[in-house]
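Coordinate inspection notes
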Amino acid sequence: MDTLHTYLALRAANERKAVAKVTRRHVHISPRPMVIIGYHLAGDIGAPLALIWGTDRTARPHSVVVAEPRNRQLRFDALETFGQSLVEYLSGYVATRLESRSSGETEPVCIDAPQIVVANPATAEWLFGIVGRFTRSLSAAGDPAPAPIVPLAGKHLSFFHNLLPGSSLVLPATEILSTHWQTGQLPSEDLNLSALLGWIAPGEGLDGPAAARQGEDSPPAGPLSDPNWDARKLSPLIDQWHAAKTDEAQSAVFGELDAEIREQLDHTWEDCWRAIHLVNTLPEGDRVARRWERDRRAWTRHHLTMETGTARFRNIPTPVQSAKTLGVLEQATTELQAEMALDDPLVMAAYVASGEALSAKVISVDATRTIPGPRRQVRRPLVIFEPLLPFTRPAGTTLFLVSAPDVEFEILSATGDEVRAQVNKGAVSSSTLSRLPNPGDNVVLSPFTKSEFYPRPQYDDVPWTHRLAEPAEEDPL
Amino acid sequence: MTIQKPLAQFRGEFPTASLNARRIAAALEAPGCHRRTVLEAGIVNMEKLGALVTGAEPDRQSPFAIARGNQFEAQITDHGMATVLALARKHLGLDIPEAREKDLSAASVRLEFPGVKQINEVRARLTRQYVEQMLTKPTCAINLLRHAMTKLDFGGEIAYLEQDVLAFTVKGRIYVVEIKSYPMIDGRADPTKASASVRQTAVYVLSLQELAVSIGASPRLVDTNVMIVLPENLSFRATATVVDTEMQVRRLRRQLAEVPHAATILAGLPSETALPPLPDMQNKEESAQARDTACEALAQITPRFSEGCVPCPLFRFCRQEAENQQTVSRLGTAVAGACGSITTIRAALDFATGRRLPANAGESAAAELLSRAAAAEAMVIGKR
Amino acid sequence: MSLTAAEASRLALERTWAAIEDGACTVLVDSPPGAGKSTLVREIGRRYALRPLRQQVPVVVQTNDQADDMVRCFLRDGESGLPAITVGRLHSADYVPPPDIAAHASVTFSPTINTLRNCLVVVATAAKWAMVDHSNEWPFAIVDEAYQMRSDALLPIGAMMARLLLVGDPGQLAPFTIADDTRFRGRPLSPVETAATTILTTHPETTRIPLPVSWRLPHHAAKVISNAFYRAPFTSGTDVSARRLEVQCHPSNTCEAVLTAARTGWAYVELDDIIMPPNDQEAIFTLARLVRDILKAQIHVFDERGSRPLVPSDVAVGVTHRDQRDHVRTAMAGVLRKLGLPYNAITVDTANVLQGREFEIVLVWHPLSGRRDASSFHLDAGRLCVLLSRHRQACIVVSRAGIRDQLRTHPATDPVWLGESAPVTDGWHSHLTILDHLEAHRV
């Protein structure tokens, strides 16, 4: 944890309320996200117990409850209902328009993309990683056979698994809240959605810690239910359901079970919407739209492979796929870090506090300065700054202007009251000199620049160095 | 002075818990916490103590999880251990034609020796006998023990350890097999659960090593590579993985040597410091009184609050205490580390805003960083 | 009959060559610090290339500095009477050859492989090899620093090269990624694991040859490092009397740490037990003062090559974090300025960057110094090993007291990924072993 966030955590604890760690919103919020909440049976990650979902905060959410989650037929019935609803929601995002790429070519891209909001990363992992993984390849010839919509929905769910850093296609509520607010509790306590919301918006007559306690005592947000509730309520009801002799008796027990489960899940439904609302009150960061465009393109690609029946998912990626994934992940990670800092002065403040970035007033600018280059004299403007916070990075450090991130500075010397830096790139020709700051300006220089694209080697065959001799086996839900 | 005497005195009439591998493995979970160390060494029933001082119901395991675990284990150990043998062949590279197993569970031993007293001691003695035979006479009738009972010196107290694992021998070496019910999905298992399994299995390995030593054999005859059997994907089909527990066994050996340290912690306390007897929880007055006594006793022993505390039954109690005392550790080890020698939130903020001036090197270093952070934030948000 | 160090090293080299000649698909040489890894790479490269078939041998290294060093050593070998060999240096478009080798007749620089067809050895970074057209094929290649190389970087190598000799130091820092690598954990062949691990997983039959002698580490360091960090033991190639530092200035004009380090090869400077954030001014000041004392002590270096005065470039400071590095560099610049030296006269860097380099005297800011809690990052055995094995003469470690307590209270609750091979060395245990050693050299 960097010192700014340490300081903010101390303040949150002291003020008994979460404090903002950003001044912008760094995620895209869809006008019509789909919120999904679910429980699976304890110890049995493949056995969904209940799901509730919907796109309208004010309407009663849809739901399915599985009276006996270990019964595959009942499981498939529930997933069919859910799958229909999911596919219907996703089908609202297939309209395309032609958009141009950075390379200049145009291609059809979905105008908008779906967005799924879940309570926490564990729910995302369960829903997309497990339910998606074990339903996408279900065969209609199985016994019992799932409705075709079940594997179809499974493929869609799989698309939403393991998205890139900075993607807004799936928003785990706890994650978006802790990106934007700092609480005064343990980092692991922030994984409890109700407790986290308690810190951020404690409500009438409560402070953060008290509201967090209250949140902690409410039923879990899933995907695991409260084990004490399992023992006290769920287990006897499932037994009664089995014992019921008549259909009426069974549906009576089912009604009770349904009500009991909804009572557990309903407040999380409300919590998810509160989280979306809270985050949505912040003004959107400039570069959020770029990342959402990347999301729309990813969704478009998925949509097209589904249309053409060419969507393929691997349970265990090949080493070649993993290597590609890692490359993309590294790039997305770097970009997100840079974009958030460039978009948001409070995010950048963490780097100023740590000393990696320089916040300073411009004292003088010598735009005409030249130094000997390899062949001839080259223009290297000299800028002298007065640091607003002491800056002690050694000579040779490379920094970029936050307001024009392709202007590259090299630190020549830094003392308590003066930092001398020369411009090496981005403002060294007469056409770009206007990017230089002016004396009197307050500027920030940071380690973040425009991201570079590195060409990646293209190949698909797994070479001999990475070949293992074990075939993967299939194992449906 | 035996170590257990001051611990027993501190525990008073508060219920004890049985010592099992999970409990002993806990010595590795919070070795820096004096409070936890004393309670663990004193074999205090932590769940009951937690419920008493926090007023919250202890978290039990879901009946569904228990049922599934039992079902899986039964399936693995059925049919003459055919599954275990096949997995051992595949994963440990051991060829065992058949399992000649001996069940040393209490029920089974009672059946064999009706009317036996001190059942645990008898089981331990039998375990010792069989292990000796298995090690010295590789061709002996038995090659696999279930529900064996080993002993472990836990700060002077001999702990009887019911071996949840299977122990089998091939060519004079002992191998430990642990059966767990969390799944291995596409080759991967939950790393937190696996971490706990490995710690627990290390306890069994260690106690078997001690047993080997006590019969004059080399501890190296007990292999630290243990086989963990898990359900594959969502099925009940078993898969296994071999993991080397040497690191954990070594750590555990050191931690167990530290258990006597608990007595020295207690030596510094007022002599009357003791836990109350467990009250009738229905009786409001009685339980409130007992809670106060327990809280007072606990308050005498320094805790070390951190992220790792969440699963501890006393978590809510210690958290409240940290909150009342406004300690920086309430916010986790990262924050506490960044605050250096500054221990309270108030003081840290006073240093950050310059309301207080550092008096020593530790304070200055932390104050410098915190005030930079405060200044950097103020440049964006405005002065506070 | 026991072998001399030189004979033991020679034997390992010949075993390696024999395995390659035998047609082994993969050979892995485990080299402790300074065990002649680079010499072995060049010798094998030369032998293979100079066989009657005259087949080109690609040499894969990890950084441009390593590539330039490799080229430099090939050229030096040629000048010292070993068979001269034409060396190609394949590089990226924006690379500028270092002046000392740029104009050498036996080396060709080129950004494309096709212009290097006539070179018997071609040296390039793994990243550059990855950009070579994959339809190229080579029967045999050498990978240097196979424990620093990530598995994903080995993919293109495997696509083009049929057999591999991998050489590396298993005790060094493992490669890492800035990305969240959770999704790759617990599976064989993760792109983040080392190239060596990948080869051992896919080719368990790999011939594995440990180099038995460290030519860098002095006698009093080899055993400590070998015990704490390496599974295959090694010894020092020089005996006790061969290496020595003589402090020429009057003992009262320097500090005890310098004298102790000169006398015993180790010194442990322990500061008060205070929990400190990373900007521990006293530690920074202590390191700067020690460097000043070393540079002013008129130290003479005696070793198997002869004797000479110690120069600033013989000294390095190793740290854990980049901000520590910056703080120390800034403080050091002040010291160096007063001595009339340029600000970068001595090397100050993190363990990651110091990997593979060697100096006469190395000062180490202990990774656990001043921490409240140890963490798996700071306990990493590779990090400590790199920091403590860069020196030919002496190592001075600076730390806050209290490390033993940090280790004692460190919980063993790190996540465990079943199926992932456990780390060879347990950092926690290595730290304890090293601490026992250091405390015997406390000043």
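**Digging into the overall build of chain B**
Helix and strand content of chain B: 15 helices and 10 strands. Here the C-alpha coordinates of chain B stretch approximately 80 × 50 × 40 Å along the principal axes. In chain B, which comprises 384 residues, the proportion classed as buried is 54%. Counted over contacts in chain B with a minimum sequence separation of 6, partners at least 24 positions apart contribute 62%. Accessible area for chain B stands at about 16,700 Å²; split by element, carbon and sulfur atoms hold 50% of it. Each charge class in chain B can be summarised by its mean position, and for the 45 positive and 41 negative side chains these summaries are 3 Å apart.

**Observations regarding the interface of chain C and chain A**
Of the residues lining the interface, 40 residues belong to chain C; the matching set on chain A comes to 29 residues. Counting each side, the surface lost to burial between chain C and chain A is near 2,800 Å², with a carbon and sulfur contribution of 67%. Run the count over chain C and chain A and you get 2 salt bridges. Here Glu330 of chain A makes a salt bridge to Arg150 of chain C, at a shortest N to O gap of 2.8 Å. Scanning the region where chain C abuts chain A turns up 9 residue pairs in polar contact (both at pLDDT 80 or more). Of all the elements in the fold, those that place two or more residues in the side of chain C that touches chain A are α6 (151-160), α7 (195-202) and α11 (322-338) of chain C. When residues of the side of chain C that touches chain A are assigned to their parent elements, the largest contribution, 7 residues, is made by α6 of chain C. Of the residues contributing to the side of chain C that touches chain A, the split by class is 19 nonpolar, 11 polar and 10 charged.

**A look at the pairing of strand β5 (residues 96-100) of chain A**
Residue and element names in this part refer to chain A. Here β5 runs beside strand β6 (residues 106-110); their pairing, made up of 5 bridges, is antiparallel. Paired with Leu98 across the bridge in β6 is Pro108. Linkage of β5 to β6, two consecutive antiparallel strands, is achieved through a turn of 5 residues, within which Gly104 is found at a positive phi near 105 degrees.

**Notes on the nonpolar core**
Of all hydrophobic cores here, the largest spans 91 residues; its most connected members are Leu4, Tyr7, Leu10 and Leu177 of chain A. For this core, the leading source of residues is helix α9 (residues 247-280) of chain A, giving 11 residues. Ignoring sequence-local partners within four residues, the contact set of Leu10 of chain A consists of Val328, Leu331, Val335, Cys339, Ile345, Ala348, Leu349 and Leu370 of chain B. Counting residues in hydrophobic clusters, the runner-up holds 83 residues, among them Phe14, Leu126, Leu145 and Cys318 of chain B.

**A closer look at the sheet that holds strand β18 (residues 391-400) of chain C**
Residues and elements named next belong to chain C. On the basis of which strands lie adjacent, the open sheet formed by 5 strands has the order β12-β18-β17-β15-β16 and parallel pairing. With partners counted over all chains shown, the strands left at the sheet margins are β12 (266-271) and β16 (347-350), one partner each. Geometrically, the sheet is characterised by an average inter-axis angle of 20 degrees between neighbouring strands, direction not taken into account. In the sheet, β12 pairs with β18 via 6 bridges, with the strands oriented parallel. The partner of Trp266 across the bridge, within β18, is Cys395. On top of the sheet, helix α10 (residues 281-296) reaches β12, β15 (315-319), β17 (359-365) and β18; it is set at about 165 degrees to β17, its chief contact.

**So, the domain arrangement of chain A**
All names here are of chain A. Taken domain by domain, chain A comprises domain 1 (3-313) and domain 2 (345-446). Look at where the C-alpha atoms of domain 1 and domain 2 centre, and you get two points 45 Å apart. Taken together, the contact between domain 1 and domain 2 spans 9 residues of the former and 8 residues of the latter. For the pair domain 1 and domain 2, the summed buried area comes to about 570 Å², and 73% of that belongs to carbon and sulfur atoms. Counting the surface domain 1 buries against domain 2, the share from its top three residues, Thr3, Leu4 and Thr23, is 55%. Taken together, the links from domain 1 to domain 2 amount to 0 residue pairs in polar contact (both at pLDDT 80 or more). Considering each element in turn, the side of domain 1 that touches domain 2 owes the most residues, 3 residues, to helix α1 (residues 3-15). The residue inventory of the side of domain 1 that touches domain 2, partitioned by class, reads 3 nonpolar, 4 polar and 2 charged.

**Here's the deal with the side chain of Glu193 of chain C**
All names here are of chain C. Checked against the element boundaries, Glu193 lands in the loop between β7 (164-168) and α7. Notably, Glu193 is buried but unbridged: the nearest opposite-charge side chain belongs to Arg185, and the N-O separation is 8.7 Å. Sequence-distant contacts of Glu193, that is, excluding residues within four places in its chain, are made with Met149, Arg150, Ser151, Pro175, Thr198 and Thr201.

**Thoughts on the interface of chain A and chain B**
If you look at the interface, chain A gives 57 residues, while chain B gives 55 residues. Here chain A and chain B share an interface that buries about 4,600 Å² over both sides, 60% of which is from carbon and sulfur atoms. Of all residues in chain A, Tyr7, Leu10 and Leu186 of chain A give up the largest surface area on contact with chain B, accounting jointly for 15% of the area buried on that side. Linking chain A with chain B are 10 salt bridges, by the criterion used here.

**Quick look at the packing of helix α8 (residues 219-229) of chain C against helix α16 (residues 427-439) of chain C**
All names here are of chain C. Between α8 and α16, whose axes approach to 8 Å, the crossing angle comes to 155 degrees. Relative to α16, the element α8 lies roughly antiparallel. The two elements α8 and α16 cross, and the hand of that crossing is right-handed. Every residue of α16 that contacts α8 at Val224, Ala228 and Phe229 is listed here: Ser430, Thr433, Ile434 and His437.

**Remarks on the pattern of salt bridges**
The full count for this structure, using the stated rule, is 90 salt bridges over all chains. Note that Asp266 of chain A and Arg262 of chain A form a salt bridge whose closest N and O atoms lie 4.0 Å from each other. Placement of both Asp266 of chain A and Arg262 of chain A in helix α9 is noted, with a separation of 4 residues, approximately one turn of the helix. Counted as one network, the salt bridges with shared partners bring together Glu189, Arg213, Glu216 and Asp217 of chain A together with Arg316, Arg319, Glu323 and Arg330 of chain B.

**Considering helix α6 (residues 193-200) of chain A**
Residues and elements named next belong to chain A. In terms of burial, α6 is largely enclosed, as 8 of its 8 residues are buried. Along α6, the residues that are buried comprise Leu193, Ser194, Ala195, Leu196, Leu197, Gly198, Trp199 and Ile200. Capping the start of α6 is the job of one residue whose side-chain oxygen sits 3.1 Å from the backbone nitrogen of Ser194: Asn192.

**Notes on unusual backbone geometry**
In this chain, Asp143 of chain A is followed by Pro144 of chain A through a cis amide linkage whose omega measures 0 degrees. Relative to the assigned elements, Pro144 of chain A resides in the loop between α3 (121-135) and α4 (149-159). Across the junction of Gly222 of chain A and Pro223 of chain A, the peptide omega takes the value 5 degrees, indicating a cis bond. Inspection of the secondary structure puts Pro223 of chain A in the loop between α7 (208-217) and α8 (227-243). Of note in this structure, His79 of chain B is not a glycine but carries a positive phi near 55 degrees. Along the chain, His79 of chain B turns up in helix α5 (residues 63-92). A relative accessible area of 71% places His79 of chain B in the exposed class.

**Focus: the environment of Arg25 of chain A**
Residues and elements named next belong to chain A. Take Arg25: it is sitting in the loop between β1 (19-20) and β2 (34-40). Sequence separation of Arg25 and Gly255 is 230 residues, and the distance between their C-alpha atoms is 42 Å. Apart from residues no more than four positions distant in its own chain, Arg25 is found in contact with His180, Val279, Asn280, Leu282, Pro283, Glu284, Gly285 and Val288. Within the structure, Arg25 has its side chain in polar contact with the backbone oxygen of Val27 (distance 2.9 Å).

**Some points on the domain arrangement of chain B**
Split into domains, chain B comes out as domain 1 (63-256) and domain 2 (326-384). The centre of domain 1 of chain B, based on its C-alpha atoms, is set 50 Å off from the matching centre of domain 2 of chain B.

**With respect to the packing of aromatic side chains**
Aromatic rings considered in pairs are described by the distance between their centres and by the relative angle of their planes. Scanning the model with the defined rule gives 17 aromatic pairs over all chains in all. Measuring from ring centre to ring centre gives 5.8 Å for Phe305 of chain B and Phe315 of chain B, while their planes differ by 15 degrees; the resulting arrangement is stacked. Of the two residues, Phe305 of chain B sits in the loop between α11 (284-299) and α12 (315-325) while Phe315 of chain B sits in helix α12, which places them 10 residues apart along the sequence. Grouping residues by exposure puts Phe305 of chain B and Phe315 of chain B together as buried. Taken together, Phe128, Phe159, Phe160 and Trp299 of chain A form an aromatic cluster joined through their ring pairs. Over the face of the ring belonging to Trp428 of chain C we find Arg251 of chain B, whose NZ or CZ atom lies 4.2 Å from the ring centre. Across from the ring centre of Tyr48 of chain C, 3.8 Å away, lies the NZ or CZ of Arg51 of chain C, which sits over that ring.

Criteria and thresholds
Residues numbered from 1 in each chain as written. Chains lettered and ligands numbered in written order. Predicted model: local features only at pLDDT ≥ 70, side-chain atom pairs only at ≥ 80, totals over all residues. Heavy atoms only, no water. Helix = DSSP H or I, 4+ residues; strand = E, 2+ residues; numbered from the N terminus. Buried < 20%, exposed > 50% of the residue type's maximum accessible area, 1.4 Å probe, protein only. Contact = heavy atoms within 4.5 Å. Areas by Shrake-Rupley, 256 points an atom, 1.4 Å probe, with all protein chains shown as cover. Lys, Arg positive; Asp, Glu negative; His and termini not counted. Charge placed at Lys NZ, Arg CZ, Asp CG, Glu CD. Buried area = accessible area lost by both parts, 1.4 Å probe. Salt bridge = Lys/Arg side-chain N within 4 Å of Asp/Glu carboxyl O. Polar contact = N/O pair within 3.5 Å; in protein donor to acceptor, adjacent residues only side chain to side chain. Nonpolar A, V, L, I, M, F, W, Y, C, P; charged D, E, K, R; others polar. Pairing = 2+ DSSP bridges. Core = buried A, V, L, I, M, F, W, Y, C linked by side-chain atoms within 4.5 Å. Axes fitted to C-alpha atoms, helices over the stretch in contact; angles between N-to-C directions. Domains from an automatic or database assignment. Parallel < 35°, antiparallel > 145°, perpendicular 65-115°, else oblique. Left-handed = near helix turned anticlockwise from the far one by under 90°. Phe/Tyr/Trp six-rings, centres within 6.5 Å; stacked < 30°, edge-to-face > 60°. Lys NZ or Arg CZ within 6 Å of the ring centre and 35° of its normal.

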